[in-house]
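# An overview of the molecular structure
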Amino acid sequence: MSRQIKQAGLLDRRPGYYTVQIAFLLALVAAGITALVVLGDSWWQLLVAGYFAVLSTQLGFLGHDAGHRQIFRSARRNYLLGVLLANLGVGFSYGWWVDKHNRHHAHPNDEDKDPDIGAGALIFTERQAKASGPIARIFYRYQAWTFFPLLLLEAVNLRVASVQYLLTRRDRARIREGLLITLHVVAYLAAVFVVLPPGKALAFVVLHQALFGLYLGCSFAPNHKGMPPLSTADNADYLRRQVLTARNVRGHWLTDFALGGLNYQIEHHLFPSMPRGNLRRAQRLVKDFCASQHVPYLETGLFSSYARALRHLDTIGKTAHAI
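First, a word on scope: everything that follows refers to the structure included in this document. (Residues numbered from 1 in each chain as written. Predicted model: local features only at pLDDT ≥ 70, side-chain atom pairs only at ≥ 80, totals over all residues. Heavy atoms only, no water.)

It is worth spelling out the overall build of the chain at this point. When its secondary structure is counted, the chain shows 16 helices and 2 strands. Here the C-alpha radius of gyration of the chain, 20 Å, is about what a compact globule of 323 residues would show, namely 20 Å. Here the C-alpha coordinates of the chain stretch approximately 60 × 55 × 40 Å along the principal axes. For the chain, the residues scored as buried account for 46% of the 323 residues in total. The contacts in the chain between residues at least 6 apart in sequence include a share of 69% that link residues at least 24 apart. For the chain, the accessible area works out to roughly 15,900 Å², and carbon and sulfur atoms hold 65% of it. Between the averaged position of the 35 positive side-chain charges in the chain and that of its 20 negative side-chain charges there is a distance of 3 Å. (Helix = DSSP H or I, 4+ residues; strand = E, 2+ residues; numbered from the N terminus. Rg over C-alpha atoms; globule rule 2.2 N^0.38 Å. Buried < 20%, exposed > 50% of the residue type's maximum accessible area, 1.4 Å probe, protein only. Contact = heavy atoms within 4.5 Å. Areas by Shrake-Rupley, 256 points an atom, 1.4 Å probe, with all protein chains shown as cover. Lys, Arg positive; Asp, Glu negative; His and termini not counted. Charge placed at Lys NZ, Arg CZ, Asp CG, Glu CD.)

We now examine the packing of helix 11 (residues 198-224) against helix 16 (residues 302-322). Where helix 11 meets helix 16, the axes come as close as 8 Å, and the angle between the chain directions of the two elements is 75°. Taken together, the axes of helix 11 and helix 16 are roughly perpendicular relative to one another. Across the interface between the two elements, C218, A221 and P222 from helix 11 touch L302, S305, Y306 and A309 from helix 16. The residue makeup of the contact of helix 11 with helix 16, split by class, is 6 nonpolar, 1 polar and no charged. (Axes fitted to C-alpha atoms, helices over the stretch in contact; angles between N-to-C directions. Parallel < 35°, antiparallel > 145°, perpendicular 65-115°, else oblique. Nonpolar A, V, L, I, M, F, W, Y, C, P; charged D, E, K, R; others polar.)

On to helix 3 (residues 45-67), then. Across its 23 residues, helix 3 extends 32 Å between first and last C-alpha, which sits within 8% of the 33 Å expected from 1.5 Å per residue. Backbone geometry just after helix 3 places R69 at a positive phi near 60°. (Expected span 1.5 Å × (residues − 1).)

Attention now goes to the environment of D12. The residue D12 is located in the loop between helix 1 (2-7) and helix 2 (15-39) in this model. The spatial distance from the C-alpha of D12 to the C-alpha of R73 is 9.1 Å, given a sequence separation of 61 residues. The contact partners of D12, leaving out residues within four places of it in the chain, are R73, P275 and N278.

Our next topic: the nonpolar core. One recurring pattern in soluble globular proteins: nonpolar side chains tend to sit buried together. Ranked by internal contacts, the top residues of the largest apolar core, which has 37 residues, are F92, W96, V192 and F204. Looking at this core, the element that brings in the most residues is helix 3, giving 8 residues. Ignoring any residue separated from it by four or fewer positions in sequence, one finds F204 in contact with L36, Q45, L46, V48, A49, F52, Y188, V192 and L196. Ranked by size, the runner-up nonpolar core spans 17 residues in total, among them M1, V243, A246 and I266. (Core = buried A, V, L, I, M, F, W, Y, C linked by side-chain atoms within 4.5 Å.)

With respect to the element layout, D256 can be found in helix 13 (residues 253-258). Side chain to side chain, D256 and N263 meet in a polar contact 2.7 Å long. In this structure D256 touches G261, N263, Y264 and R280, once residues within four positions along its chain are discounted. (Polar contact = N/O pair within 3.5 Å; in protein donor to acceptor, adjacent residues only side chain to side chain.)

Remark: helix 8 (residues 143-151) packs on helix 11, axes separated minimally by 7 Å, with the N-to-C direction vectors making an angle of 125°. Considering the angle they form, helix 8 stands oblique to helix 11. Across the interface between the two elements, F147, F148 and L151 from helix 8 touch A210, G213, L214, G217, C218 and A221 from helix 11. Of the residues contributing to the contact of helix 8 with helix 11, the split by class is 7 nonpolar, 2 polar and no charged.

Let's shift gears to the packing of aromatic side chains. Applying the stated criterion across every chain yields a total of 9 aromatic pairs. Ring centres of Y51 and F52 lie 5.9 Å apart, and the angle between their planes is 85°; this geometry places the pair in the edge-to-face category. Classification of F52 by relative accessible area gives buried; the value is 15%. When the centroid spacing of 5.1 Å and the interplanar angle of 70° are considered together, the rings of F147 and F148 count as edge-to-face. Just above the ring of Y142 sits the side chain of R141; from NZ or CZ to the centre is 5.4 Å. (Phe/Tyr/Trp six-rings, centres within 6.5 Å; stacked < 30°, edge-to-face > 60°. Lys NZ or Arg CZ within 6 Å of the ring centre and 35° of its normal.)

This part is about unusual backbone geometry. Even without being glycine, N109 reaches a positive phi, approximately 60°. The phi angle at H294 is positive, at roughly 60°, despite the residue not being glycine. Mapped onto the elements, H294 comes out in the loop between helix 15 (279-292) and strand 2 (299-300).

This paragraph deals with the environment of N235. Mapped onto the elements, N235 comes out in the loop between helix 11 and helix 12 (238-243). Overall, N235 belongs to the exposed group, its relative accessible area being 68%. A C-alpha to C-alpha distance of 32 Å links N235 and R73, two positions 162 residues apart in sequence.

Another point: the pattern of salt bridges. Enumeration over the complete set of coordinates arrives at 13 salt bridges. R103 serves as the salt-bridge partner of D99, at 3.2 Å between the closest nitrogen and oxygen. With D99 and R103 both in helix 5 (residues 94-106), this residue pair falls 4 residues apart, about one helical turn. Under the relative-accessibility criterion, D99 is labelled partly exposed at 34%. Taking relative accessible area as the criterion, R103 reaches 38% and is therefore assigned partly exposed. The closest approach of N and O atoms between K287 and E299, which form a salt bridge, is 3.0 Å. (Salt bridge = Lys/Arg side-chain N within 4 Å of Asp/Glu carboxyl O.)

Another aspect to go through is the environment of L207. Within the fold, L207 resides in helix 11. Considered as a pair, L207 and G67 are 140 residues apart in the sequence and their alpha carbons are 27 Å apart. If sequence neighbours within four positions are ignored, L207 has contacts with L46 and A49.

Purely geometric stuff here, so don't read any function into it on its own.
Encoded structure:
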């Protein structure tokens with residue numbers, strides 16, 4: 001399969017594709033800033049806040065691609081673009097995210113090594129349920145119901161985790177990233193509070209950050225939640241480790257745009273450096289190979305993927321409550 005993917009040119013960089021992506025997003029950002037200034041002191045600005053929530057997530061998707069070195073062949077160029085997009089554009093640490101995300105890719109759904117399924121506000125495995133305290137179990141019992149509301153706080157969580165990560169670093173990157181995040185926060189708050197009175201400005205910030213967290217979380221949630229957990233004891237090879245723990249979301253070009261290509265989660269996990277625009281073309285090759293190896297390949301609709309994730313959270317929550 002790897003040979004077929006390479007021979008088809010699906011790992012080749014696509015500078016034209018990403019040039020259009022970046023130019024398009026910059027144009028949308030410029031349009032949003034113009035709308036913010038032109039509308040002025042108006043409650044219609046809450047629509048602009050929602051618009052910027054979409055833009056923040058789309059910038060995050062582009063930073064995700066840079067983190068996987070999908071955009072440039074040069075590691076340095078991908079890093080520089082990623083830092084600009086994440087730290088300056090969105091306001092969280094690129095270094096923190098790359099470190100966390102690389103560990104997830106190396107050990108998907110391994111509760112000992114995958115930070116994305118670590119116990120916290122939610123739990124994902126029976127072992128985590130058994131290890132939870134009596135008060136936490138009351139909360140976990142209803143975690144399927146609180147999942148989407150909790151995503152409204154995800155943007156805040158990203159920023160807190162970013163700051164904690166940077167405070168533990170002792171290198172120049174920490175200073176660079178910290179300065180860019182500070183510049184983002186200062187410029188963002190200055191723009192909003194100069195244009196709007198305090199009450200409306202606060203409403204704008206709260207709505208923007210809440211919807212940003214919700215959209216970002218809804219984009220990542222369908223990918224692994226509710227899929228089988230694996231550990232090193234399972235001795236799964238690379239193909240099975242990446243395919244059996246992931247789920248694709250069926251759709252079309254709008255789904256690809258809305259989810260930033262993450263709907264091709266299986267292909268992305270097998271070939272993380274593959275440019276986003278090539279994932280759809282790679283899907284047929286991957287499907288056929290999995291079928292020839294008798295490896296289950298799961299693809300569902302978007303709402304079905306959410307339902308599966310919520311059923312899993314509900315099952316684990318009930319397990320915790322019954323202990």
